[in-house]
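Working through the structure, step by step
These are the residues of each chain, in order.
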Amino acid sequence: MKPINEMRLTFLSRSANEGFARAAVAAFAAQMDPAVDELADLRTAVSEAVTNAIVHAYPDALGTITLIMRLYDNGRIALQVKDKGCGIPDIEKAMEPLYTTGGDERSGLGFSVMQSFTDRLKVRSKPGKGTTVSMEKYIVPRIKGAS
């Protein structure tokens, strides 16, 4: 199925850009007329994915993060957050709740949060090459003109 609309943003792995990514996703998703809680779910999931890339993919340097978002007629929103950072050596371990490589200030719940706020989560990574986090969220169609 071809998307009805699509966007691609690339930005530096600065913490200030996490809020930018959240806002961009919310603005682009608005054309699907999501409920407030659906929009909040998308914003939270993207926030976690971008924060993971900022903190873990590029721990000692700036790099780029690419956010791709596709909208489909059936209410599906597909998101990808890609980096070209250090990669994840053991994805299964990294996805365990409370596991973190980010030190004491990190909770290790990023992937768990992404999973709970989306309908599908897939993580692909190669050490030294980067990581792609793919998420899908289905927006419930709302009846136009109903009160």
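Our structure's up above, just so we're on the same page.
What comes next is a walk through the structure. (Residues numbered from 1 in each chain as written. Predicted model: local features only at pLDDT ≥ 70, side-chain atom pairs only at ≥ 80, totals over all residues. Heavy atoms only, no water.)

1. Points about the nonpolar core
As a reminder of what qualifies: We call a set of buried residues a nonpolar core when its members are Ala, Val, Leu, Ile, Met, Phe, Trp, Tyr or Cys and they connect through side-chain atoms within 4.5 Å of each other. Exposure categories follow from relative accessible area, calculated using a 1.4 Å probe and restricted to protein chains: below 20% of the type maximum is buried, above 50% is exposed, and the middle band is partly exposed. Only DSSP runs of H or I with at least four residues qualify as helices, and only runs of E with at least two residues qualify as strands; both kinds are numbered from the N terminus onward. Any pair of residues with heavy atoms lying within 4.5 Å of one another is described as a contacting pair.
Leu67, Met69, Ile77, Leu79 and Met135 are the most contacted members of the largest nonpolar core, which has 32 residues in total. When residues of this core are traced back to their parent elements, those giving at least two are strand S1 (5–12), helix H1 (16–29), helix H2 (36–57), strand S2 (64–71), strand S3 (76–83), helix H4 (110–117), strand S4 (120–126) and strand S5 (130–138). Top element by residues in this core is H2. It accounts for eight residues. Apart from residues lying up to four places away in sequence, Leu67 is in contact with Met7, Arg8, Leu9, Phe11, Ala21, Val25, Val46, Leu79, Gln80 and Val81.

2. Examining the side chain of Arg76
Definition in use: Any pair of nitrogen or oxygen atoms within 3.5 Å is treated as a polar contact; in protein, a donor-acceptor pairing is required on top of that, and neighbouring residues in sequence qualify only through side-chain atoms on both sides.
Its place among the elements puts Arg76 in strand S3. Only 3.0 Å separates the side chain of Arg76 from the side chain of Glu136, close enough to count as a polar contact. Beyond its immediate sequence surroundings of up to four residues, Arg76 is in contact with Met32, Arg70, Leu71, Glu136, Lys137 and Tyr138.

3. Here we look at unusual backbone geometry
Of note in this structure, Asp33 is not a glycine but carries a positive phi near 55°. Along the chain, Asp33 falls in the loop between H1 and H2.

4. Here we look at the pairing of S5
What counts here: Strand pairing is assigned whenever DSSP detects at least two bridges linking the two strands.
Counting buried positions along S5 yields eight of nine residues, so the element is predominantly enclosed. Pairing of S3 with S5 involves eight bridges; the strand directions are antiparallel. Within the sheet, the bridge partner assigned to Lys82 lies in S5 and is Thr132. Inspection of the sheet shows S4 paired to S5 by seven bridges, in the antiparallel sense. Bridge pairing in S5 links Lys122 to Ser134. Hairpin geometry of S4 and S5 is characterised by an intervening segment of three residues between the two adjacent antiparallel strands and by a positive phi of about 80° at Gly128.

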